[in-house]
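Chain by chain, the residues run as shown.
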Amino acid sequence: MTPLETLRVAVYALLRNKLRSFLTTLGMIIGVAAVIAMVAIGEGAKAQVEQSFASMGANLLVVQSGTTMAGGSRGGFGTLPTLTWEDLKAIQTEIPSVRYAAPVLRSNAQVLTEDQNWTTSVSGTTPEYFEIRSWSMASGTFFGQSEIDGGAKVVLLGQTVVDKLYGPYVDPVGQMVRIMNVPFQIVGVLAKKGQSPMGQDYDDAVFVPCTTFQAKIQGGLQKYLSGSIFVGAASSETTARAQAQIAELLRDRHHIQPGIDDDFSIRNLTEMASAQQEGTETMTTLLASIAAVSLLVGGIGIMNIMLVSVTERTREIGLRMAVGAKPRDILAQFLVEALALSFAGGLIGVGLGVMSAYRLALQFGWPTLVRPEIIVIAVGFSALVGVGFGLYPALKASRLDPINALRFE
Amino acid sequence: MTGNDSFIVLRQVGKIYRMGDVEVTALRDISLGIQEGEFVAVMGASGSGKSTLMNILGCLDRPTAGRYLLAGRDVSQMSRGELAAIRNRMLGFVFQSFNLLARTSAVDNVGLPLQYAGVSYRERHQRAEEALRQVGLADRLHHHPSQMSGGQQQRVAIARALVTKPRLILADEPTGNLDSRTSTEILALLQELWRSGLTVVMVTHELDIAEYASRVVMMKDGCILSDTRRQARVADAAVESATAEAVL
Ligand SMILES: Nc1ncnc2c1ncn2[C@@H]1O[C@H](COP(=O)(O)OP(=O)(O)OP(=O)(O)O)[C@@H](O)[C@H]1O
Ligand SMILES: [Mg+2]
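Conventions used here
- Residues numbered from 1 in each chain as written.
- Chains lettered and ligands numbered in written order.
- Predicted model: local features only at pLDDT ≥ 70, side-chain atom pairs only at ≥ 80, totals over all residues.
- Heavy atoms only, no water.
- Helix = DSSP H or I, 4+ residues; strand = E, 2+ residues; numbered from the N terminus.
- Rg over C-alpha atoms; globule rule 2.2 N^0.38 Å.
- Buried < 20%, exposed > 50% of the residue type's maximum accessible area, 1.4 Å probe, protein only.
- Areas by Shrake-Rupley, 256 points an atom, 1.4 Å probe, with all protein chains shown as cover.
- Lys, Arg positive; Asp, Glu negative; His and termini not counted.
- Charge placed at Lys NZ, Arg CZ, Asp CG, Glu CD.
- Contact = heavy atoms within 4.5 Å.
- Domains from an automatic or database assignment.
- Core = buried A, V, L, I, M, F, W, Y, C linked by side-chain atoms within 4.5 Å.
- Near = heavy atom within 4 Å.
- Polar contact = N/O pair within 3.5 Å; in protein donor to acceptor, adjacent residues only side chain to side chain.
- Pairing = 2+ DSSP bridges.
- Axes fitted to C-alpha atoms, helices over the stretch in contact; angles between N-to-C directions.
- Phe/Tyr/Trp six-rings, centres within 6.5 Å; stacked < 30°, edge-to-face > 60°.
- Buried area = accessible area lost by both parts, 1.4 Å probe.
- Salt bridge = Lys/Arg side-chain N within 4 Å of Asp/Glu carboxyl O.
- Expected span 1.5 Å × (residues − 1).
- Patch = residues over 30% accessible without salt bridge, like charges linked within 9 Å, V, L, I, M, F, W, Y side chains within 5 Å.
- pLDDT = per-residue confidence, 0-100.

Here the focus is the overall build of chain B. Within chain B, the secondary structure is distributed over eight helices and 10 strands. Relative to the compact-globule value of 18 Å for 248 residues, chain B shows a C-alpha radius of gyration of 18 Å, a close match. Taken over the C-alpha atoms alone, chain B extends approximately 50 × 50 × 40 Å along its principal axes. Taking all 248 residues of chain B together, the buried fraction comes to 54%. When the accessible surface of chain B is totalled, it reaches about 11000 Å², and 48% of it is carbon and sulfur. Mean positive and mean negative side-chain charge positions of chain B (28 and 27 charges, respectively) differ by 6 Å.

Moving on, we come to the overall build of chain A. Scanning chain A from N- to C-terminus turns up 13 helices and 12 strands. In terms of overall size, chain A is more extended than a compact globule, its C-alpha atoms giving a radius of gyration of 33 Å where 409 residues would be expected to give roughly 22 Å. Considered along the principal axes of its C-alpha atoms, chain A spans approximately 105 × 55 × 40 Å. Within chain A, buried positions represent 46% of all 409 residues. Looking at chain A alone, contacts between residues at least 24 apart form 75% of all its contacts between residues at least 6 apart. Between the mean site of the 31 positive side-chain charges and the mean site of the 33 negative ones, chain A shows a separation of 11 Å.

Here the focus is the domain arrangement of chain A. Split into domains, chain A comes out as domain 1 (3-53 + 275-407) and domain 2 (83-262). Taking only C-alpha atoms into account, the centre of domain 1 of chain A sits 56 Å from that of domain 2 of chain A.

Counting 68 residues, the largest nonpolar core has Leu-57, Tyr-68, Leu-70 and Val-201 of chain B as its most contacted members. With sequence-adjacent residues up to four places away left out, Tyr-68 of chain B is seen in contact with Ile-8, Val-9, Leu-10, Ile-56, Leu-57, Cys-59, Arg-73, Asp-74, Val-75 and Ser-76 of chain B.

So, on to the site of ligand 1. The local shell around ligand 1 holds 15 residues, among which Ser-46, Gly-47, Lys-50, Ser-51 and Thr-52 of chain B are the closest. Close to ligand 1, residues of chains A and B are found. Ser-48 of chain B places a polar main-chain atom, nitrogen or oxygen, 3.3 Å from an oxygen atom of ligand 1. Here an oxygen atom of ligand 1 and a backbone polar atom of Gly-49 of chain B are 3.1 Å apart. Considering ligand 1 on its own, with 630 Å² of exposed area, one finds that the protein chains cover 71% of that surface.

Another point: the sheet that holds strand S4 (residues 65-70) of chain B. Residues and elements named next belong to chain B. Ordered by their spatial adjacency, four strands build an open sheet running S2-S1-S4-S5, and the pairing between neighbours is antiparallel. Each having just a single partner strand, strand S2 (22-34) and strand S5 (73-74) make up the two edges of the open sheet. Seen against the sheet, helix H1 (residues 50-57) touches strand S1 (8-19), S2 and S4 and runs at an angle of roughly 120 degrees to S1.

Further remarks concern the packing of aromatic side chains. In the structure shown here, the tally under the stated rule is 11 aromatic pairs over all chains. Three or more aromatic residues joined by ring pairs make a cluster, and in this case those are Tyr-129, Phe-130, Trp-135, Phe-142, Phe-143, Phe-207 and Phe-230 of chain A.

Between chain A and chain B, the contact holds 27 residues from the first and 25 residues from the second. When chain A packs against chain B, the two sides together hide about 2300 Å² of surface, and 53% of this comes from carbon and sulfur. The largest per-residue losses of area from chain A upon contact with chain B belong to Arg-16, Leu-319 and Val-323 of chain A, which jointly make up 24% of the total buried on that side. Where chain A touches chain B, the interface holds one salt bridge. For Arg-124 of chain B, the salt bridge is made with Glu-5 of chain A, and the minimal N-O distance between the two is 2.2 Å. Among the elements of the structure, helix H1 (3-15), helix H10 (314-322), helix H11 (327-364) and helix H13 (402-407) of chain A are those that each provide at least two residues to the side of chain A that touches chain B. With six residues, the single largest contributor to the side of chain A that touches chain B is H10 of chain A.

Given a rise of 1.5 Å per residue, 13 residues ought to cover 18 Å, and the 18 Å separating the end C-alpha atoms of helix H5 (residues 150-162) of chain B matches this to within 8%. Within H5 of chain B, 12 of the 13 residues are buried, leaving the element largely enclosed by the surrounding structure. For H5 of chain B, every residue scored as buried is listed here: Gly-151, Gln-152, Gln-153, Gln-154, Arg-155, Val-156, Ala-157, Ile-158, Ala-159, Arg-160, Ala-161 and Leu-162 of chain B. On the buried face of H5 of chain B, the contacting elements are H10 of chain A together with strand S6 (91-94), helix H3 (106-115), helix H4 (121-134), strand S7 (168-172) and helix H6 (180-195) of chain B.

Right, let's talk about unusual backbone geometry for a bit. Positive phi, normally seen in glycine, also occurs at Met-180 of chain A, with a value near 50 degrees. Positionally, Met-180 of chain A belongs in the loop between strand S8 (176-179) and strand S9 (182-190). In this structure, Asn-99 of chain B takes a positive phi of about 55 degrees despite not being glycine. Counting through the fold element by element, Asn-99 of chain B comes out in the loop between S6 and H3. You can call Asn-99 of chain B buried: its relative accessible area is 8%.

Attention now goes to a nonpolar patch on the surface. Residues and elements named next belong to chain A. Among the surface-exposed residues, Leu-4, Leu-7, Val-11 and Leu-15 lie close enough to one another that they form a single nonpolar patch of about 370 Å² accessible area. Assignment of secondary structure puts Leu-15 in helix H1. In this structure Leu-15 comes out as partly exposed when scored by relative accessible area, which is 48%.

Here chain B averages 90 in pLDDT, while 94% of its residues score no lower than 70. The complex prediction reports pTM at 0.74, with the ipTM value standing at 0.91.

As a further point, take the sheet that holds strand S8 (residues 199-203) of chain B. All names here are of chain B. One open sheet holds the six strands; their spatial order is S6-S7-S8-S3-S9-S10, and the pairing between them is mixed. Either end of the sheet is taken by a strand with one partner, and the two such strands are S6 and strand S10 (223-229). Within the sheet, the average angular offset between the axes of one strand and its neighbour, ignoring direction, is 15 degrees. Across six bridges, strand S9 (residues 215-220) lies against S10 in antiparallel orientation.

Okay, the side chain of Arg-313 of chain A next. Residue and element names in this part refer to chain A. Along the chain, the position of Arg-313 falls in the loop between helix H9 (269-312) and H10. Residue class for Arg-313 comes out buried when judged on its relative accessible area of 12%. Setting aside residues up to four positions removed in sequence, Arg-313 forms contacts with Ala-13, Gln-333, Phe-334 and Glu-337.

Turning our eyes to something else, we now look at the pattern of salt bridges. Across all of its chains, the model carries 23 salt bridges over all chains by this definition. Across the pair Arg-313 of chain A and Glu-316 of chain A runs a salt bridge, and its minimum N-O distance is 3.3 Å. Residue Glu-316 of chain A is classed as buried on the basis of its relative accessible area, which comes to 11%. Among the ionic pairs, Arg-229 of chain B bridges to Glu-38 of chain B, the shortest N-O distance being 3.3 Å. Pair noted here: Arg-229 of chain B is in strand S10 and Glu-38 of chain B is in the loop between S2 and strand S3 (39-44), with a separation of 191 residues, a long-range link. By sharing partners, the salt bridges in this structure join Arg-16, Arg-313, Glu-316, Arg-320 and Glu-337 of chain A into a single network.

Right under this line is the structure:
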């Protein structure tokens, strides 16, 4: 028999028992749908993590001051200022793998307009900071070197702050706000950046020149840089090298003897990103393997029904053999039946899985991502299950003895 | 009497069934030759080995001893696949219990052997229709077995046996499940096939059925008791039924 003919016979046989065929496929449908939906959720989470790390800034290192030692209890990093403005300059000029380095002095303060107020994070920094974070402007301009040198009273607002103070769709560039009773002119509004991987809103912040911050918000110029230094490495390959070189430079500058702890910390955010990604990948694998178990159960269901079907149709098999069916014709027929069941189940399952991934995204706001490879893999795997679990019943059918099969009651 | 040139040649054929430690000898030392164009009736008591003999003749089973030559070819050593091909091309089977596929139309039932002969769907349908016309069922093409009488079902089965244009028809008690009037109709059909040149071997319990054959082989305990050639009685369904009605 030609393959097409075999398929026709198999489909015909399955359609004679529509309800049973459907119930048999149900296991497969649910299995494949579960795999598709679970992987979509996992992939969606992964894509979200990737995207939020990308928005954090590429090849980012954060250098912070050391810790205080008060009566034997150590404070966190950054509690004791050890970094100096000279350190910053040295990092900028002496390490070739560093592309940008920017100071970030941070404080929480109230920002006031004529009739509104909003407490937010106020940071003093330099224009390089926005390069490191690949953060662009929605309107207006960044402040430049002359504003830094002159300690100009200019401010950049994040989107959330604009929303809170002026409402959406308002461009406040040129207006005045007061921070700690000092009037600042708004020179720009930053583009929306979204959430950090830890769920913090990047856009709930305002930025002023670091010199202005020191003079007006911190109060008085200082030798120490009481904040952190954000470093953008030249590329992702050089990030780790830049980290080591900065550590070496700072230890040297701070005269730290070998064997003594650093009085600063350097965090590599690329590393954190890949750790997080591994986490979501583990989750995807876990979800997918749970779903794969249901696929397996679906396969066993097919095997069960195929065995029942072989027993039930023993006389039919005997007759087919009597009129000229070769063992391999019978083998092919039952194998194709199992394959058709699982393949149809796979296809319907893909439809259902994609639909439920879409529903989940809509209903719970979960990010889901259905990749075409997963569909191909799921359908291919379900076909494999069909062949795997259909083989035994089909072999059993093909090995029947025609006379005994014909006599079977 | 068993010339090597016969259509069917059995030489010292034996068949022993083994069930655990018990051995049942169903056939012992059977030698038989059947020429092309004979109509052979096989008779004998229940358990005498008639069906066993038919199964071997029909290549459904292999002898445990002896040789079986069909149209000059030794089939006793063939593989399952080769036997299937022989059954498909050379033989047509008619069973006592019809053995039609349920919920399957007459044409599709009749076309079944052609599926395994690699005949296209359209040609299959055409030839099945032709075979059904030959057995007088041109108006029942799309009926399912459950929608037909026993005699009609057996005629569908005969059409199925005919459709591959075999040289040998094997019928194991083809009228066993039918009343006498329908039996005569089936016999008339088998005689018609025989007259057109086919070889027919038929098992029956009833003497008056065996009378329609040109040769009667009597079996007992797995052996051939007697083998007689005779003048076949002409089966005429019309005459038979007319007589039956007259009697009533
Ligand atoms: N599959 C089998 N396994 C074991 N013994 C068998 C088998 N088939 C038949 N026999 C035995 O072989 C002998 C011949 O059986 P067979 O079916 O050929 O008889 P038969 O002449 O066709 O009888 P009936 O007229 O009742 O159909 C019997 O004794 C039977 O019990
Ligand atoms: Mg019998």
